[in-house]
Amino acid sequence: MSEPALAPRNALVGVVIVWAAALVAAVVIGIAVPEEWRVPWLLIGFGGAVLLSFALQLWYGQTKGFIFRVAASTIGAMLLLGVISAGFGLAALIPA
């Protein structure tokens, strides 16, 4: 008798989790870190998003589409952090 095939996990959940983690990291960095240290901390946050992306996609356990999912997670996190850092830069130009 054969085993029933299990339904695979949704691969896009890992991508969205990385994007959400990058958003939360950017907001926390924007609130907690002084202006002169924001860019280095945003780079650290991006590195954490890349590591989280690899960890989640390895946990998913499917080889098909691995590179695409990691690339989507990483590029999305990079664009998200880039847009938020541009907002930080524009906010720094406006005198309080």
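Residues numbered from 1 in each chain as written. Predicted model: local features only at pLDDT ≥ 70, side-chain atom pairs only at ≥ 80, totals over all residues. Heavy atoms only, no water.

**Structural notes on the side chain of Thr74**
Then, in step 1: If you trace the backbone, Thr74 turns up in helix α3 (residues 66-93).
Then, in step 2: If near-sequence neighbours (up to four positions away) are discounted, Thr74 is found in contact with Phe46, Val50 and Ser53. (Helix = DSSP H or I, 4+ residues; strand = E, 2+ residues; numbered from the N terminus. Contact = heavy atoms within 4.5 Å.)

**Re a nonpolar patch on the surface**
Then, in step 1: A surface patch of nonpolar side chains, about 290 Å² in accessible area, is lined by Leu23, Val27 and Ile31.
Then, in step 2: By the element assignment, Ile31 lies in helix α1 (residues 12-32). (Patch = residues over 30% accessible without salt bridge, like charges linked within 9 Å, V, L, I, M, F, W, Y side chains within 5 Å. Areas by Shrake-Rupley, 256 points an atom, 1.4 Å probe, with all protein chains shown as cover. Salt bridge = Lys/Arg side-chain N within 4 Å of Asp/Glu carboxyl O.)

**Observations regarding the environment of Val39**
Then, in step 1: Mapped onto the secondary structure, Val39 falls in helix α2 (residues 38-60).
Then, in step 2: Of the residues examined, Val39 reaches a relative accessible area of 56% and is grouped as exposed.
Then, in step 3: Sequence separation between Val39 and Gly61 is 22 residues, and the spatial gap between their C-alpha atoms is 34 Å. (Buried < 20%, exposed > 50% of the residue type's maximum accessible area, 1.4 Å probe, protein only.)

**Examining α2**
Then, in step 1: Along its 23 residues, α2 runs 32 Å from first to last C-alpha, staying within 8% of the 33 Å computed at 1.5 Å per residue.
Then, in step 2: All of the buried residues in α2 are Arg38, Leu42, Gly45, Ala49, Ser53, Leu56, Gln57 and Tyr60.
Then, in step 3: Contacts made by the buried residues of α2 are with α1 and α3. (Expected span 1.5 Å × (residues − 1).)

**Observations regarding the packing of α1 against α2**
Then, in step 1: Where α1 contacts α2, the two axes come as close as 9 Å, and the packing angle between them is 160°. Relative to α2, α1 is oriented roughly antiparallel. α1 and α2 meet at a crossing whose hand is right-handed. Residues Gly14, Val15, Ile17, Val18, Ala21, Ala26, Ile29 and Gly30 of α1 form the contact with α2, whose participating residues are Arg38, Trp41, Leu42, Ala49, Leu52, Ser53, Leu56 and Gln57.
Then, in step 2: Residue composition of the contact of α1 with α2, by class: 11 nonpolar, four polar and one charged. (Axes fitted to C-alpha atoms, helices over the stretch in contact; angles between N-to-C directions. Parallel < 35°, antiparallel > 145°, perpendicular 65-115°, else oblique. Left-handed = near helix turned anticlockwise from the far one by under 90°. Nonpolar A, V, L, I, M, F, W, Y, C, P; charged D, E, K, R; others polar.)

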